[in-house]
Amino acid sequence: MWKRAMTGAIVLFLVGAAAYASFFIAPEEKTMHVLQRIFYFHAAAAWAGMTAFSVCFVANLLYVWRRSEKWDSLGVSSAEVGLAFITVVLITGPIWAKPAWGIYWTWDARLTSTFVLWLLYISYLLLRTLIEEPDRRALLSALFGIFSFIDVPIVFGAIRWWRTQHPAPVIMGGPGSGLEPTMRKVFFFSVLALHALMVFLIAERYRLEKLRTDVEVLRREAEAI
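Residues numbered from 1 in each chain as written. Predicted model: local features only at pLDDT ≥ 70, side-chain atom pairs only at ≥ 80, totals over all residues. Heavy atoms only, no water.

Undergrad: Sorry, what's going on with unusual backbone geometry here?
TA: Glycine aside, residues mostly have negative phi, and peptide bonds are mostly found in the trans state. Non-glycine residue histidine 33 carries a positive phi angle of around 55°. The residue histidine 33 is located in the loop between α1 (2–25) and α2 (39–66) in this model. Assessed through its relative accessible area of 40%, histidine 33 is described here as partly exposed. If you check the backbone angles, arginine 67 has positive phi at about 55° while not being a glycine. Mapped onto the secondary structure, arginine 67 falls in the loop between α2 and α3 (69–101). (Helix = DSSP H or I, 4+ residues; strand = E, 2+ residues; numbered from the N terminus. Buried < 20%, exposed > 50% of the residue type's maximum accessible area, 1.4 Å probe, protein only.)

Undergrad: Hey, could you run me through the pattern of salt bridges in this one?
TA: Any two side chains of opposite charge can pair, given that their charged atoms come close. In the structure shown here, the tally under the stated rule is eight salt bridges. The salt bridge partner of aspartate 72 is arginine 128, with a shortest N-O separation of 2.7 Å. Of this pair, aspartate 72 sits in helix α3 while arginine 128 sits in helix α4 (residues 109–130), placing them 56 residues apart in sequence. Across the pair, exposure class does not vary: aspartate 72 and arginine 128 are buried alike. Across the salt bridge formed by arginine 212 and glutamate 216, the nearest N and O atoms sit 3.0 Å from each other. Of the two residues, arginine 212 and glutamate 216 are both situated in helix α7 (residues 181–224); the distance of four residues between them amounts to about one turn of the helix. If you follow the salt bridges from partner to partner, you end up with Glu80, Arg137, Arg205, Glu209, Arg212 and Glu216 in one network. (Salt bridge = Lys/Arg side-chain N within 4 Å of Asp/Glu carboxyl O.)

Below is the structure:
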């Protein structure tokens, strides 16, 4: 228990340090000024959410291949955590968009594909609540999770393939893209902090899912007596 508490404290410290660096260490952007500082958590949360969905995708593939309960538990755990991060993205995006664009939302390629991704993983979790038989639930949700992941590379590539309202990428973008050195360091530190939070949350959610599965097995055994 103390190891988990210590890990949680370290993760919270990293997230707090990233927030401090975003507001007080990174230089102010010359066009959007203080508004741009939301970028460090908006974009970093998107990266962490995509990583969590990638973990879910691998877990779903491994469940279909191995039919092992642990991969089902990891799949649903990482899907929930990824969904939480993408929800943060969808909340912080309009907060940034209103002062920058004059509107909270526009149906451009990046925003629409991200919203579709959010709906897909909401559906993934809802599907699991509709099927009572554990093996069938795990298999069908794994197959749906594999299908849902198709949207992840679409979200990533949307601002590279189509020129729409959303700004062009400043990381891994084309010629002339990039961040000022201090901005880049703060951004990647934020990415590190939110990925540490993502790993911690998946681990904790996985532990709870294993406990829930064990309780469900015991309940079925008790009903069979």
